[in-house]
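# A closer look at the structure
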Amino acid sequence: DEFLVSDGGVIKRIDYSLIKAVGNAPYFAAFADGSQTISTATTTKLTGIDTELIDSGGTYNTSTCEWSPGSAGTYFVGAKIYLAHGGTSTTQASIRINLSSSAAIMKTTVNMGTTEGHFSVGGLYYHASAPTFSVYVRHNAGGDENVYGATGGGGTGGFHEAPALFWGFKVA
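Here the structure is a predicted model, which means the values were calculated and not measured.

### Thoughts on the pairing of strand β15 (residues 165–170)
On a regular strand, one side chain projects to one face of the sheet and the next to the other, so that they alternate. Strand direction decides the pairing type here: strand β3 (residues 27–31) and β15, joined by five bridges, are antiparallel. Residue pairing for β15: A29 is matched across the bridge by W167. By the bridge criterion, six bridges tie strand β9 (residues 73–83) to β15 in an arrangement that is antiparallel. Residue pairing across strands places Y75 opposite K170, the latter belonging to β15.

Here's what the structure looks like:
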C-alpha cells in the first residue's frame, strides 16, 4: 500500500511499510503481591513477582518469575523493590537483572545505612538470540530482610502501591 503526499505542489509516494507503527511487543509488567525474605550475604532470585498487570504475548512466566520474550533484539527491562531494613550504617543492598541464571547484565547497589527504602535498576540490553530475564537481590544487613509486595508492607494492593515490580518491552 502507498500513500500520496503533497509538499506544496509536488506529489510524492510513500510506502506504508516505511511509516507504520511497529509497537514494542512483546511487553509485560508484573508485581509481587506478598513479601519475600532475603537472607544476608545471599544473592536471591525474586520468586514472588507473580501477579501480571499486562503481558502482550504470554511471555512472562508467573511460576518462575522470568520474562522470555522469544526473539533476538534490544529490550528495555527494569525492576523496583522496597527492602525493609534494620541493619547497620554500613549496610549495602543490590538489585540486579540477570540473563537466564548467569551473571547480572545490569545492577544497582546502594548504601542503605540504617534506613529502608525503594531502589531500582533498568536499562537497554541487546541479545543476539532469545533472552530470558529475571531479578535478583542481595544485601549484607547481617540478618534476614524482606522485599515487600503490595500486601506485605501495609499497602492495599495494586500497581501503584506494589513495591516489588518487574517490567520490560522490546525496543527493536
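### Some thoughts on the pairing of β3
Burial analysis of β3 places four of its five residues in the buried class, which makes it a mostly covered element. In the sheet, β3 pairs with strand β6 (residues 51–55) via four bridges, with the strands oriented antiparallel. By the bridge assignment, F31 is partnered in β6 with T51.

### Concerning unusual backbone geometry
Positive phi outside glycine occurs at A41, with the angle close to 55 degrees. Classification of A41 as partly exposed rests on a relative accessible area of 45%. Positioned with a positive phi, C65 is a non-glycine residue whose angle comes to about 55 degrees. Examined against the element boundaries, C65 turns out to sit in the loop between β7 (60–61) and β8 (66–67).

### Describing the packing of aromatic side chains
With the rule as written, the count across this model stands at 10 aromatic pairs. Centre to centre, the rings of F28 and Y60 are 4.6 Å apart; their planes meet at 10 degrees, and the pair counts as stacked. Placement of the pair is F28 in strand β3 and Y60 in strand β7, with a sequence separation of 32 residues. Each of the two residues, F28 as well as Y60, counts as buried. Each member of the aromatic cluster is reached from another via a ring pair, and the members are F28, Y60, W67, Y75, Y125, F133 and F166.

### Considerations on a nonpolar patch on the surface
A cluster of nonpolar side chains, namely Y27, L53 and I54, defines an oily patch on the protein surface of about 240 Å² accessible area. For Y27, the location among the structural elements is in strand β3.

Rules used in this analysis
Residues numbered from 1 in each chain as written. Predicted model: local features only at pLDDT ≥ 70, side-chain atom pairs only at ≥ 80, totals over all residues. Heavy atoms only, no water. Pairing = 2+ DSSP bridges. Helix = DSSP H or I, 4+ residues; strand = E, 2+ residues; numbered from the N terminus. Buried < 20%, exposed > 50% of the residue type's maximum accessible area, 1.4 Å probe, protein only. Phe/Tyr/Trp six-rings, centres within 6.5 Å; stacked < 30°, edge-to-face > 60°. Patch = residues over 30% accessible without salt bridge, like charges linked within 9 Å, V, L, I, M, F, W, Y side chains within 5 Å. Areas by Shrake-Rupley, 256 points an atom, 1.4 Å probe, with all protein chains shown as cover. Salt bridge = Lys/Arg side-chain N within 4 Å of Asp/Glu carboxyl O.

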